[in-house]
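One letter stands for each residue in the lines below.
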Amino acid sequence: MNEWLKDDERLDYLLAEDLRIIQSPSVFSFSLDAVLLSRFVSVPKRGAIIDLCSGNGVIPLFLSARTNAKIMGVELQPRLYDMACRSIAYNKLEAQIEMKLGDVKAAPSELGIEKYDVVTCNPPYFLAHELSDKNVSEHYAIARHELHLTLEEAVYSASRLLKQGGKAAFVHRPERLLDIVTAMRANRLEPKRMQFIYPKCGKEANTLLIEAIKDGKPGLKILPPLFVYKENNEYTEEIRVMLYGE
């Protein structure tokens, strides 16, 4: 097993999908947001899916358990791209999942305009000037802050990659909701489904899931709220099933 790992990496289980993923505490470990997005997005049985800001490839891995579609992941950082490629190979999913090392802004011209049925994106949440912790690793800083990719740029690329009628799904922070909707509508993406995620009952929402259709008709459905923890700080049944399976 060690031949798959480098430095401080470890091989973690994706229990619900019966897969393994390479992670590193100092470079990158996925968060619950990736799980939520991969379960929220509508996916076709076949076709072509592209995941932007793929990190260590967690969303393509999650999606591979839900669909037979071909999945492309785009990641800017070579170290994270390398981790993703090794995880895909470890799970013997090379025939379904492919990684592209490169910039999300260049993805449409490099990978094909209006080629994909679904785009998923877990973009950097925080504005560049909000990078207050100078001790955070470069890998986490780039993944979490808009140092190399803004929300508007991610939405623009998603729209160009999507076929007409295709779906774009994003996970973000609720305080950026108006920015997301404004960017989507400026790029032919009509928001159709939205869900707010709450840490627990009585707390403010801290995560937003939103799915849009390219050139879709107006009409937005707000899904029931999803709570992560019960009062005793154990996962709710919905989250437990997402993480560990039935």
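See the structure above.
Residues numbered from 1 in each chain as written. Predicted model: local features only at pLDDT ≥ 70, side-chain atom pairs only at ≥ 80, totals over all residues. Heavy atoms only, no water.

Engineer: Help me out: how do you make sense of the nonpolar core in this one?
Structural biologist: Among soluble globular proteins, nonpolar side chains are generally buried collectively. The biggest cluster of nonpolar side chains holds 33 residues, and the ones touching the most others in it are Leu 36, Leu 61, Leu 209 and Ile 239. Every element with two or more residues in this core is listed here: β2 (19–23), α1 (32–40), α2 (58–64), α3 (78–90), β5 (97–101), β7 (162–172) and α8 (237–244). Setting aside chain neighbours within four positions, we find Ile 239 in contact with Leu 32, Leu 36, Leu 226, Phe 227 and Val 228. Judged by nonpolar contacts, the second largest core, of 29 residues, contains Ile 50, Val 74, Leu 149 and Leu 161. (Core = buried A, V, L, I, M, F, W, Y, C linked by side-chain atoms within 4.5 Å. Buried < 20%, exposed > 50% of the residue type's maximum accessible area, 1.4 Å probe, protein only. Helix = DSSP H or I, 4+ residues; strand = E, 2+ residues; numbered from the N terminus. Contact = heavy atoms within 4.5 Å.)

Engineer: Whenever I open this one, the packing of aromatic side chains confuses me. Can you help?
Structural biologist: Remark: the centre distance and the inter-plane angle together describe each pair of aromatic rings, the angle taken between the planes. By the definition in use, this model includes five aromatic pairs. Ring geometry for Phe 30 against Phe 62: centres 5.7 Å apart, planes inclined by 90°, an arrangement best described as edge-to-face. Of the two residues, Phe 30 sits in the loop between β2 and α1 while Phe 62 sits in helix α2, which places them 32 residues apart along the sequence. Following the ring pairs from residue to residue traces out a cluster consisting of Tyr 229, Tyr 235 and Tyr 244. (Phe/Tyr/Trp six-rings, centres within 6.5 Å; stacked < 30°, edge-to-face > 60°.)

Engineer: Mind showing me how you'd approach the packing of helix α6 (residues 151–161) against helix α7 (residues 177–186) here?
Structural biologist: Working note: a packed helix pair is described by the angle between its axes plus the distance between those axes. Running from amino to carboxyl end, α6 crosses α7 at an angle of 35°, the nearest separation of the two axes being 9 Å. Regarding α6 and α7, the two cross each other, and that crossing is right-handed. Facing Leu 151, Glu 152 and Val 155 of α6, the residues of α7 in contact are Asp 179, Ile 180, Ala 183 and Met 184. Among the residues making up the contact of α6 with α7, the classes are represented as five nonpolar, no polar and two charged. (Axes fitted to C-alpha atoms, helices over the stretch in contact; angles between N-to-C directions. Left-handed = near helix turned anticlockwise from the far one by under 90°. Nonpolar A, V, L, I, M, F, W, Y, C, P; charged D, E, K, R; others polar.)

Engineer: Sorry, what's going on with the environment of Thr 67 here?
Structural biologist: Along the polypeptide, Thr 67 turns up in the loop between α2 and β4 (70–75). C-alpha of Thr 67 to C-alpha of Arg 46: the two residues are 21 residues apart in sequence and 6.6 Å apart in space. Ignoring any residue separated from it by four or fewer positions in sequence, one finds Thr 67 in contact with Val 43, Pro 44, Lys 45, Arg 46, Ile 49 and Gln 96.

Engineer: Please clarify how a nonpolar patch on the surface should be interpreted in this entry.
Structural biologist: Among the surface-exposed residues, Tyr 13, Leu 15 and Tyr 244 lie close enough to one another that they form a single nonpolar patch of about 350 Å² accessible area. Mapped onto the secondary structure, Tyr 13 falls in strand β1 (residues 10–14). Taking relative accessible area as the criterion, Tyr 13 reaches 54% and is therefore assigned exposed. (Patch = residues over 30% accessible without salt bridge, like charges linked within 9 Å, V, L, I, M, F, W, Y side chains within 5 Å. Areas by Shrake-Rupley, 256 points an atom, 1.4 Å probe, with all protein chains shown as cover. Salt bridge = Lys/Arg side-chain N within 4 Å of Asp/Glu carboxyl O.)

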